[in-house]
Amino acid sequence: MNFRMLVLFSILICSSLMMGQNKAKPWPNYEHQIDSVMSLMSLDDKIGQLNQVAHGWGWGPTQPVSIGQDFKKLIKEGKVGSFLNAVGAKLTKELQKIAVTESPVKIPLLFGFDVIHGLQTTFPIPLAESCTWDMDLIEKSASTQAKEAYNCGVHWTFAPMVDIARDPRWGRIAEGSGEDTYLGSQIAAARIKGLQGDNLSGEHIIACPKHFAAYGAAEGGRDYNTVDISERTLREVYLPPFKAAVDAGAQTLMCSFNEISGTPSSVNKHLLTDILRNEWNFSGFIVSDWNSIGETVAHGISADNKEAAKKAINAGLDMDMETRAYINNLKDLVKEGEVSVSTIDESVRRILRVKFRLGLFSDPFRFCDEKKEATEIGNAAERAAALEVTENSLVLLKNKNNILPLAKSLQKIAVIGPLANSKRNLLGCWEQFGDTNKVVTALEGLQKKYPGKEITYAFGCSINNPEERDFSAAIKAANESELVVLAIGEDGHFSGEASARTSIEIPGAQTALFEALRKCGKPIVVVLMNGRPLAIPAIEKNADAILDAWFGGITAGDAIANALSGDFVPCGKLTTTFPLATGQVPIYYNHKNTGRPAQPDNFFSSKYIDLSEKPLFPFGYGLSYSTFEYSDLKIDDKNISSAETNHVTVKVTNTGKYKASEVVQLYINRNPASVTRPVRELKDFQKITLNPGESKTVTLELNPEKLSFYNDKMEFRNEPGKVTVFVGTNSLADLSGQFTITNSK
Ligand code: BGC
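Residues numbered from 1 in each chain as written. Predicted model: local features only at pLDDT ≥ 70, side-chain atom pairs only at ≥ 80, totals over all residues. Heavy atoms only, no water.

**Some details on the overall build of the protein chain**
Thinking step 1. Across its full length, the protein chain holds 24 helices and 25 strands.
Thinking step 2. Here the protein chain has a C-alpha radius of gyration of 27 Å; the compact-globule value for 745 residues is 27 Å, and the two agree.
Thinking step 3. Seen through its principal axes, the protein chain has C-alpha atoms that stretch 85 × 65 × 50 Å.
Thinking step 4. Counting all 745 residues of the protein chain, 62% fall into the buried class.
Thinking step 5. In the protein chain, of all internal contacts separated by at least 6 residues, the share reaching a separation of at least 24 is 78%.
Thinking step 6. By element, 50% of the accessible surface of the protein chain is carried by carbon and sulfur atoms, the whole surface being about 26,800 Å².
Thinking step 7. The average position of the 80 basic charges and that of the 87 acidic charges among the side chains of the protein chain differ by 2 Å. (Helix = DSSP H or I, 4+ residues; strand = E, 2+ residues; numbered from the N terminus. Rg over C-alpha atoms; globule rule 2.2 N^0.38 Å. Buried < 20%, exposed > 50% of the residue type's maximum accessible area, 1.4 Å probe, protein only. Contact = heavy atoms within 4.5 Å. Areas by Shrake-Rupley, 256 points an atom, 1.4 Å probe, with all protein chains shown as cover. Lys, Arg positive; Asp, Glu negative; His and termini not counted. Charge placed at Lys NZ, Arg CZ, Asp CG, Glu CD.)

So this is what it looks like as structure tokens:
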């Protein structure tokens, strides 16, 4: 055994011992082992760790894959720190073996993959999942998805996307948690906990909150577009979910494609170093987005990839995804004195630290068990977990005359629409290895639920092409039925990356189909399938019921059938505002008041001349088959000091006939303040379940952090002043009270 082998051997032994203790927080200290590994590395080896390469698409975790010799050569030469899109126990084992036996320093590779809402067991899209407002469920969902990924050789997912999105034209709104910063932060933390588990022990993987930062603020909702926002908006609206993710232990972060006020994130030292490392003490590493370092050339601030590499590494960006700007240029930049070895060392250390924390040095193959891969993926437990999330994500938007749940006496149901029996669309964007054969559609779900009823199906029209329609069969089916279930909305790929829309109305001939069916005079229950909020005023006006089912994943049809039949009582609440028309966008509940708030009788007030300024459905909205009454709002203390916590209690009674869940929401307004504040801000919520007639007193909390904001000097403070609280079932809640924050008490 030579010296190099001896050092590596002792590192492996030490880190195996430490793995046993890996459950406890904080993380074990690996700095000595990192020193030892670093002592073996040449500058080339170090730069290799900063390079992430991607294998192409078109394979499955259980299918045989061959990987090009060029990739294997790169690994052998130590020029790859991480591999993107290589999935499957067999493939990752093969590549890992090359890294740990044939590369110069034998450092294990890190395998990354986008597990956005499941690897093979497709859960609902994240936007749908956010409508559950259920942190335990969201954590469990992430942990189930992590387990599947783990058993497929995936070490690292590029999730969760924690970008706040106020503009539903932006297709990536589907990948996040909606428009609210407080809720988004809670969900970010829950997803990190679910993915990473207890310090990455067991079947957990590394999370990568993205896209840092403010990617959701792209102008016009167009993907990759310019962002120009104030430091206040950045810090108050867009950064908190990232901070929550970092506090929850996220080990990596991905920077965004966009610029903010002139500086693309990949080269933004203010974001990557000043805020993330110096203010937040982030100890993991940052990966670029796909070719985002190289794209700073097109942004117009780097002459070429070499300058881009220099700017990115000096700004604090550790790993280069797919530009190959680091591997091709950093050595020269060091020679030329443009990048210091210590800067490179620091980035390498961060990457090695994460590899140690994941246990790769003690067992580089711990994710590559082919036997487990064969049994642990896509099984019944995962499916059951997905169904629970899908059910809870359904949002009941309308239920005229309590037409839902469907009457047991109904015998003939027409199930109509382009989305009624489409499997692929239900997987939504980023479907990855989602198995279309395993998807249950709304039609199939209803057929399973009601074997004794006559269920007829008609396609009606295509999703997007207005010419592709067959209304006559749909009308016939409607005429011969007692009730129509109409599944309409968007194509599953109308949201996600590079899928911005200028019109968020329902596309194609679907609204015309709805109007044609109305003439049949049968009640119409619309099941919406969508990756973003939609502007559907005509549907809202004339449908008898609307159930928003989003893209519900492989169990969508079962969840829909359970909800329509009443076996599951819908309880989802919107996490994005539904506008009346695209022209209202951006429209979000926590806007500022303006100097001239909209007044119907004042022409010169902040409104439109052709449409109301109000939304179709507000943030936090969602009906139940039951009803809830809110009463007895009490504020613990009418005067508190800025260091104190206040509590708000409210009595909630289930006044309906069904056992049902409700999300009790608390909003505040601070007025006057040293800077203008949003009209309302969500600050706490609780999801409760009540039997018919049951009441519960819910206690909600307002601590100094929740009450603080950036004041006129950009200091984060809990200013003295008046606080108005609103408690209720959505962001229009009218039960309110007040208290005062004083500095002396
Ligand atoms: C997306 C990221 C994703 C990455 C790797 C990029 O185009 O913006 O969200 O993680 O590709 O697939």
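There is more to say, and it comes next.
**Observations regarding the side chain of arginine 680**
Thinking step 1. Of note, arginine 680 is situated in the loop between strand 19 (660-670) and strand 20 (681-690).
Thinking step 2. Of the polar contacts made by the side chain of arginine 680, one reaches the backbone oxygen of serine 731; its length is 2.8 Å.
Thinking step 3. Within the local environment of arginine 680, its side chain forms a polar contact with the backbone oxygen of alanine 733, the two atoms lying 2.7 Å apart.
Thinking step 4. In this structure arginine 680 touches Tyr589, Asn590, Tyr667, Ile668, Phe726, Ser731, Leu732 and Ala733, once residues within four positions along its chain are discounted. (Polar contact = N/O pair within 3.5 Å; in protein donor to acceptor, adjacent residues only side chain to side chain.)

**Some points on the nonpolar core**
Thinking step 1. Grouped together as the largest cluster of nonpolar side chains are 105 residues, with contacts concentrated most on Ile416, Leu486, Val526 and Leu564.
Thinking step 2. Not counting chain neighbours up to four residues away, the residues in contact with valine 526 comprise Leu486, Ile488, Phe514, Ile539, Ala543, Ala545, Ile546 and Leu547.
Thinking step 3. The next biggest cluster of nonpolar side chains, apart from the first, holds 93 residues, and it includes Trp27, Leu50, Val227 and Ile351. (Core = buried A, V, L, I, M, F, W, Y, C linked by side-chain atoms within 4.5 Å.)

**Here we look at the environment of threonine 122**
Thinking step 1. Inspection of the secondary structure puts threonine 122 in the loop between strand 3 (110-113) and helix 6 (126-130).
Thinking step 2. Among the residues examined, threonine 122 registers a relative accessible area of 1% and is labelled buried.
Thinking step 3. The spacing of threonine 122 and aspartate 134 is 12 residues in sequence and 19 Å in space, taken between C-alpha atoms.
Thinking step 4. Setting aside residues no more than four positions away along its own chain, threonine 122 makes contact with His117, Ala386, Leu427, Glu431, Gly434, Gly553 and Ile554.

**Some thoughts on the pattern of salt bridges**
Thinking step 1. Going through the model one piece at a time under the given rule, you end up with 48 salt bridges.
Thinking step 2. A salt bridge links arginine 349 to glutamate 31; the shortest N-O distance between them is 3.2 Å. One end of the pair, arginine 349, is in helix 15 (residues 341-357); the other, glutamate 31, is in helix 2 (residues 31-39), and 318 residues separate them in sequence.
Thinking step 3. On the basis of relative accessible area, glutamate 31 is assigned to the partly exposed category, the value being 24%.
Thinking step 4. Among the ionic pairs, lysine 73 bridges to glutamate 77, the shortest N-O distance being 3.1 Å.
Thinking step 5. Connected via shared salt-bridge partners are Arg232, Glu236, Arg677, Glu681 and Lys683. (Salt bridge = Lys/Arg side-chain N within 4 Å of Asp/Glu carboxyl O.)

**Some remarks on the pairing of strand 20**
Thinking step 1. Buried residues dominate strand 20, accounting for seven of its 10 residues.
Thinking step 2. Examined bridge by bridge, strand 19 and strand 20 share nine bridges and lie antiparallel to one another. When the bridges of strand 20 are listed, valine 663 appears paired with lysine 687. (Pairing = 2+ DSSP bridges.)

**Side note on the packing of helix 13 (residues 305-315) against helix 14 (residues 325-335)**
Thinking step 1. At a minimum axis distance of 9 Å, the contact between helix 13 and helix 14 shows a crossing angle of 80 degrees. Taken as axis vectors, helix 13 and helix 14 run roughly perpendicular relative to one another. Touching Asn305, Lys306, Ala309, Lys310, Ala312 and Ile313 of helix 13 are Ala325, Tyr326, Asn329, Leu330, Asp332 and Leu333, all from helix 14.
Thinking step 2. Residues that form the contact of helix 13 with helix 14 fall into these classes: seven nonpolar, two polar and three charged. (Axes fitted to C-alpha atoms, helices over the stretch in contact; angles between N-to-C directions. Parallel < 35°, antiparallel > 145°, perpendicular 65-115°, else oblique. Nonpolar A, V, L, I, M, F, W, Y, C, P; charged D, E, K, R; others polar.)

**Here we look at the pairing of strand 19**
Side-chain direction in a regular strand flips from residue to residue, so the side chains alternate between the two faces of the sheet.
Thinking step 1. Counted residue by residue, strand 19 has 11 buried out of 11 residues, so it is predominantly covered.
Thinking step 2. Every second residue of strand 19 is oriented toward a common face, with Ala660, Glu662, Val664, Leu666, Ile668 and Arg670 on one face and Ser661, Val663, Gln665, Tyr667 and Asn669 on the other, all of them buried.
Thinking step 3. Inspection of the sheet shows strand 19 paired to strand 24 (residues 721-728) by six bridges, in the antiparallel sense. Considered in strand 24, the bridge of leucine 666 is made with valine 727.

**Details of the sheet that holds strand 9 (residues 320-321)**
Thinking step 1. Read across the sheet, five strands follow the order 4-3-2-1-9 without closing on themselves; strand pairing throughout is parallel. On the outer flanks of this sheet lie strand 4 (156-157) and strand 9, each paired with one strand and no other.
Thinking step 2. Relative to strand 9, strand 1 (residues 51-54) runs parallel, the two being bridged by two bridges. Considered in strand 9, the bridge of glutamine 52 is made with methionine 321.

**Brief notes about the packing of aromatic side chains**
Aromatic ring pairs: the centre-centre distance and the angle between the two ring planes describe each pair.
Thinking step 1. Counted under the stated rule, the structure contains 24 aromatic pairs.
Thinking step 2. Geometrically, the ring pair formed by phenylalanine 578 and phenylalanine 617 is edge-to-face, given 5.8 Å between the ring centres and 70 degrees between the ring planes. Taken together, the residues span a long stretch of sequence, with phenylalanine 578 in the loop between helix 23 (556-565) and strand 16 (628-635) and phenylalanine 617 in the loop between helix 23 and strand 16 at a distance of 39 residues. There is no split in this pair, since phenylalanine 578 and phenylalanine 617 are both buried.
Thinking step 3. Directly above the aromatic system of tyrosine 588 lies the positively charged group of arginine 166, at a separation of 3.7 Å from the ring centroid.
Thinking step 4. Lying over the aromatic face of tryptophan 430, lysine 210 brings its terminal NZ or CZ to 5.4 Å of the ring centre. (Phe/Tyr/Trp six-rings, centres within 6.5 Å; stacked < 30°, edge-to-face > 60°. Lys NZ or Arg CZ within 6 Å of the ring centre and 35° of its normal.)

The quantities given are spatial measurements derived from coordinates; they are silent on function.
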